[in-house]
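Architecture and fold: a report
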Amino acid sequence: MEIMVPHPWPSTPPEAEAIQNELRGRVEPAGSVTPRTVAGLDVSYAGDGGGDRARVAAAAVVLDAETLEVVAESVAVGTSDFPYVPGLFAFRELPTLVEALRGLDATPDLLVCDGYGLAHPRRFGLACHVGVITGLPTIGVAKTAFVGTYEQPGPKRGDRSPLLLDGVEVGRVLRTQDGVKPVFVSVGHRVGLDEACRLTLALAPRFRLPETTRRADRLSRDRLATV
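Residues numbered from 1 in each chain as written. Predicted model: local features only at pLDDT ≥ 70, side-chain atom pairs only at ≥ 80, totals over all residues. Heavy atoms only, no water.

1. Description of helix 1 (residues 13–23)
Counted only if it meets this: Buried residues are those whose accessible area, probed at 1.4 Å on protein chains only, stays under 20% of the maximum for their type, while exposed residues exceed 50% and partly exposed ones sit between those limits. Helix and strand labels come from DSSP, where a helix needs a run of H or I of at least four residues and a strand needs a run of E of at least two; each type is numbered from the N terminus. Throughout, the arc means the angular range of directions from the helix axis out to the C-beta atoms. For this analysis, residues touch if any pair of their heavy atoms sits within 4.5 Å.
Taken together, the buried positions of helix 1 are Ala16, Ile19, Gln20 and Leu23. Within helix 1, the buried residues cover an arc of 95° as seen down the axis, which keeps them to one side. Residues of helix 1 that are exposed and point more than 90 degrees away from the buried face comprise Pro14 and Glu22. In the core, the buried residues of helix 1 are packed alongside helix 2 (90–102) and helix 3 (126–134).

So, in structure tokens, the structure goes:
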């Protein structure tokens, strides 16, 4: 698929923050989608992932939205040149993620990022950034909380509670399976929050994490082990 990145990759935190502040006005925080294909995006790091020039593998795995079978996949290997700074983590992953997406033969209907969207200090996490530069409906499904406060949701699959930042709901804490830890769902681009939760549950019929994330994580780890 073709992707035009509308900015150079930054080398300093102030440059990165300026890009986030500039692009966040392009986020469309509402919408509905009935995808036929869904791509999961994930990045694995060599070692502990810290420091400059960390080796990374980024994977984009496309599933049939109904059967959850893999229909296409792409993986790219690179280095993470941007420093580790909370709130700017996307810039460590995006260059290689973009290359993985460019390697797909067809454009998926929905992107699912292992990370945050509006649940971010500047309301522009990885899922927002990916959505804006691709123009595709995108959601973020994170394993742990990054910003905001919340109450634990109920114990059953589908139970949820608001994730609040400065008194505003920026995401949902969603239980995808009975009695397991919840995930943190937030809007990336062109998908509303209710819709993002519905899609997350549909993509997680058996396990805590969506199948998109599980497959992309496995592919990126397997590829990294060979370099």
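2. Observations regarding the side chain of Ser161
We apply this condition: The term polar contact refers here to a pair of N or O atoms within 3.5 Å; inside protein, the definition further demands a hydrogen-donor-capable atom paired with an acceptor-capable atom, and it admits residues adjacent in sequence only when both atoms are side-chain atoms.
Considering the arrangement of structural elements, one finds Ser161 in strand 6 (residues 160–165). A polar atom in the side chain of Ser161 sits 2.4 Å from the backbone oxygen of Glu151. Residue contacts for Ser161: discarding those within four places in its chain leaves Tyr150, Glu151, Gln152, Pro153, Gly171, Arg172 and Val173.

3. A few points about the UniProt feature "binding site: Mg(2+)" (unreviewed entry) in the protein
Selection rule: UniProt positions are given in the numbering used here, feature names are shortened, and annotations may be inferred rather than shown by experiment. Cavities and pockets are defined on a 1 Å grid built over the protein atoms alone: a cavity is a set of grid points where a 1.4 Å probe fits but cannot escape, while a pocket is an open set with protein on both sides within 12 Å along at least five of seven lines, and lining residues are those with an atom within 4 Å of any such point.
Mapped onto this numbering, the UniProt entry gives "binding site: Mg(2+)" (unreviewed entry) at Asp42 and Asp114. These annotated residues cover 73 residues of sequence, and their C-alpha atoms all fall within 5.8 Å of one another, placing them together at a single site. As for the annotated residues, the ones lining the largest pocket are Asp42 and Asp114. In this structure, Asp42 sits in strand 1 (residues 37–45). If sequence neighbours within four positions are ignored, Asp42 has contacts with Ala57, Ala58, Ala59, Leu97, Asp114, Thr213, Ala216, Asp217 and Ser220. Topologically, Asp114 is positioned in the loop between strand 4 (110–113) and helix 3. Residue contacts for Asp114: discarding those within four places in its chain leaves Leu41, Asp42, Leu126, Val141, Ala142, Lys143 and Thr213.

4. A look at the layout of surface pockets
Heads up, the rule is: Grid points are joined across faces, edges and corners, and a volume is the space filled by probe spheres set on the points. Any residue that is not Ala, Val, Leu, Ile, Met, Phe, Trp, Tyr, Cys, Pro, Asp, Glu, Lys or Arg is counted as polar, Gly included; the first ten are nonpolar and the last four charged.
If you add up the space inside the largest pocket, you get close to 680 Å³. Lining the largest pocket are 27 residues, with Phe89, Glu93, Asp114, Gly115 and Tyr116 sitting closest to its centre. It is strand 1 that contributes the most residues to the lining of the largest pocket, four residues altogether. Partitioned by chemical class, the residues of the lining of the largest pocket number 14 nonpolar, seven polar and six charged.

5. Observations concerning the sheet that holds strand 4
The following threshold applies: In short, DSSP must find at least two bridges between two strands for them to pair. Each axis is a line fitted through C-alpha atoms, and for a helix only the stretch in contact is used; angles between axes span 0 to 180 degrees, taken between their N-to-C directions.
Pairing is mixed in the open sheet, where eight strands are placed in the order 3-2-1-4-5-8-7-6. In this open sheet, the two edge strands, each paired with only one partner strand, are strand 3 (70–80) and strand 6. The average undirected angle you get between the axes of adjacent strands in this sheet is 25°. Taken together, the six bridges between strand 6 and strand 7 (residues 168–174) define a ladder with antiparallel strand orientation. Residue pairing across strands places Pro162 opposite Arg172, the latter belonging to strand 7. Helix-sheet contacts for helix 4 (residues 193–202) involve strand 4, strand 5 (138–142), strand 6, strand 7 and strand 8 (183–189), and the interaxial angle to strand 7 is about 15°. In the packing of helix 5 (residues 211–224) onto the sheet, contacts are made with strand 1, strand 2 (54–64), strand 3 and strand 4, and the angle to strand 1 comes to roughly 40°.

6. Observations regarding the UniProt feature "site: Interaction with target DNA" (unreviewed entry) in the protein
UniProt's entry tags Tyr84 with the feature "site: Interaction with target DNA" (unreviewed entry), counted in the numbering of this structure. Relative to the helices and strands, Tyr84 is located in the loop between strand 3 and helix 2. Classification of Tyr84 as exposed rests on a relative accessible area of 55%. Discounting residues that sit within four places of it in the chain, Tyr84 has contacts with Phe89 and Arg92.

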